[in-house]
Amino acid sequence: MKAIVSVVGKDRKGIIAEVCSLLAENGVNILDISQTVMQDFFTMIMLIDTEGCELPFAELGDRLTAKGEDMALKIRIQREDIFNAMHRV
Amino acid sequence: MINRSDILSTIDMIDNQHLDIRTVTMGISLADCADPDIHRCAEKIYDKITKKAENLVKTGCEIEREFGIPIVNKRISVTPVSLVAAACESEDYTPLAKALDRAAKTCGVNFIGGFSALVQKGFTESDRRLIASIPAALAETDFLCASVNVASTRAGIHMDAVRLMGDIIKQTAELTKDSGGMGCAKLVVFANAVEDNPFMAGAFHGVGEPECVINVGVSGPGVVCHALQSCKGKPFDVVAETVKKTAFKITRMGQLVAQEASKRLNVPFGIVDLSLAPTPAVGDSVARILEEMGLEVCGTHGTTAALALLNDAVKKGGVMASNHVGGLSGAFIPVSEDEGMIAAAKSGALHLDKLEAMTCVCSVGLDMIAIPGDTPASTIAAIIADEAAIGVTNNKTTAVRVIPAPGKQLGDEIEFGGLLGSAPVMPVHPFSSEAFIARGGRIPAPLNSLKN
């Protein structure tokens, strides 16, 4: 299943490394990354594939949310379908 | 990958503009639950609902989690109980009401609709018994909603039913006076009721519906209001276009959730209801959209035109985004459930007469309006008759959900809490409609009912 991981919050060192490690540890493949920092505000959007992920989708979501709380960031995972439905005809 | 700004805009809609799926409603036919013994009938109803809707809430929560979109309510609608109970050899239908309430609690839904009767042309014995049971049924349950259809474009207005409902609303308020007349918030009187409405309190599972069905109601007044902030001062063509585009996006999301729920529950998808349903939360108000168009306060001159544009544009945008559109589909204007409406009513800008005019151009009727507790039953019946006339003549659904708040006067306020919000008591005309309502009979169907 393809999903979008979004990471939003104050910039600091190692955000990408930590989020990517968490995903890799759980067998998630990253297909695309786009990231910017505007006035100390960090935004990263990742397209991932959960095909090889051993965890149920909800559990992966919980771990990402917890990681976000540790790093004072908002991290969420949503199935790609919702964005396709809303923004593509 | 999808454009990053599109992704961020969706996330912003969910986080800051109250975008959500307002309800996933499972319609369940109870036609096979009829039984001469009312307790046996109640048992069959409970068993059927709890079996069919066993996974409704769980599935709703899973979808919510995977798509990251809140599904605020999971609900159930059932076949009008007056049809199911017709075989019962019992005068009082309260045991059925309690069975429905118990089933709702077991399934974990927050409302169950269908304690209903369709009497636009006349009463069956069962219709009479059901309507007489409404006050006690609503007083003795928590999650049950009742509705009565008293008029249709094809049948005209059944004025005996209109008169009766004036009395029933008063009795319901009296029996639930400890909670400010809360029972009346769960009772709707309809003209041209629709069979696939997913929204409460008026949802029921119509006779033309399948065994079981999933209907979805979308929302998003906050998203529309936010979108309009970017076209300040621009002509109405731009306003209409902006609303259409926004409604399209919202509805596509509703369609996706509806299909997903239908697939996972193995229940056919019915319709998406394209309604803008407000909540009492700041930033989730239909009134504020009208004000964003340039009105100082909702209720002033221009409000009806603004609402007409909004209602039409929502439908035009939404209809392309879903393969089956139905239910009420349009803008809702419940006073107590809309932060901007509450403010407008309190400021004295919004009156019952203006609300009545607004119901001519939107999808519902006089909704969640508190009126003085000493309002005569005949005045309430006359309010219902006026709304029914608007619905019948204009070929649209209208409804009345008023709360004659016991012991409350003008200037008082009643608090329902949660999604039902709070309502300032609004004035009604002090002049009598008694002799008008006493006539009874039927107002014939209008000429425009003869379409064949």
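A. Highlighting the overall build of chain A. Helix and strand counts for chain A stand at three helices and four strands. The order of α-helices and β-strands along chain A, N terminus first, is β-α-β-β-α-β-α. Over its C-alpha trace chain A gives a radius of gyration of 13 Å, about what one expects of a compact globule, namely 12 Å for 89 residues. Taken along its principal axes, the extent of the C-alpha atoms in chain A is 35 × 30 × 20 Å.

B. Seen up close, the overall build of chain B. Scanning chain B from N- to C-terminus turns up 15 helices and 13 strands. Relative to the compact-globule value of 22 Å for 452 residues, chain B shows a C-alpha radius of gyration of 21 Å, a close match. Counting only C-alpha atoms, chain B reaches 65 × 55 × 50 Å along its principal axes. Expressed as a percentage of its 452 residues, the buried residues of chain B come to 60%. Across chain B, contacts joining residues at least 24 apart in sequence account for 79% of those joining residues at least 6 apart.

C. Main features of the packing of helix α1 (residues 15–25) of chain A against helix α2 (residues 57–70) of chain A. Residues and elements named next belong to chain A. Running from N to C, α1 and α2 cross one another at 155°; their axes reach a closest spacing of 11 Å. Put simply, α1 runs roughly antiparallel to α2. The handedness of the crossing between α1 and α2 comes out as right-handed. Here E18, V19 and L22 of α1 lie close against α2, whose contacting residues are R63, L64 and K67.

D. Here's a closer look at unusual backbone geometry. Residues and elements named next belong to chain B. The omega torsion across M200 and A201 is 15°, close enough to zero to call that bond cis. Here A201 is to be found in the loop between β6 (187–191) and β7 (212–218). Backbone geometry at N266 places phi at a positive 55°, although glycine is not the residue there. Among the secondary structure elements, N266 is positioned in the loop between α9 (236–265) and β8 (269–273). Residue class for N266 comes out exposed when judged on the 8 C-beta atoms lying within 10 Å of it.

The rules behind these values
Residues numbered from 1 in each chain as written. Chains lettered and ligands numbered in written order. Predicted model: local features only at pLDDT ≥ 70, side-chain atom pairs only at ≥ 80, totals over all residues. Helix = DSSP H or I, 4+ residues; strand = E, 2+ residues; numbered from the N terminus. Rg over C-alpha atoms; globule rule 2.2 N^0.38 Å. Buried ≥ 20, exposed ≤ 12 C-beta atoms within 10 Å, placed from the backbone. Contact = placed C-beta atoms within 7 Å. Axes fitted to C-alpha atoms, helices over the stretch in contact; angles between N-to-C directions. Parallel < 35°, antiparallel > 145°, perpendicular 65-115°, else oblique. Left-handed = near helix turned anticlockwise from the far one by under 90°.

Such coordinate-based values are descriptive only and should not be taken to indicate function.
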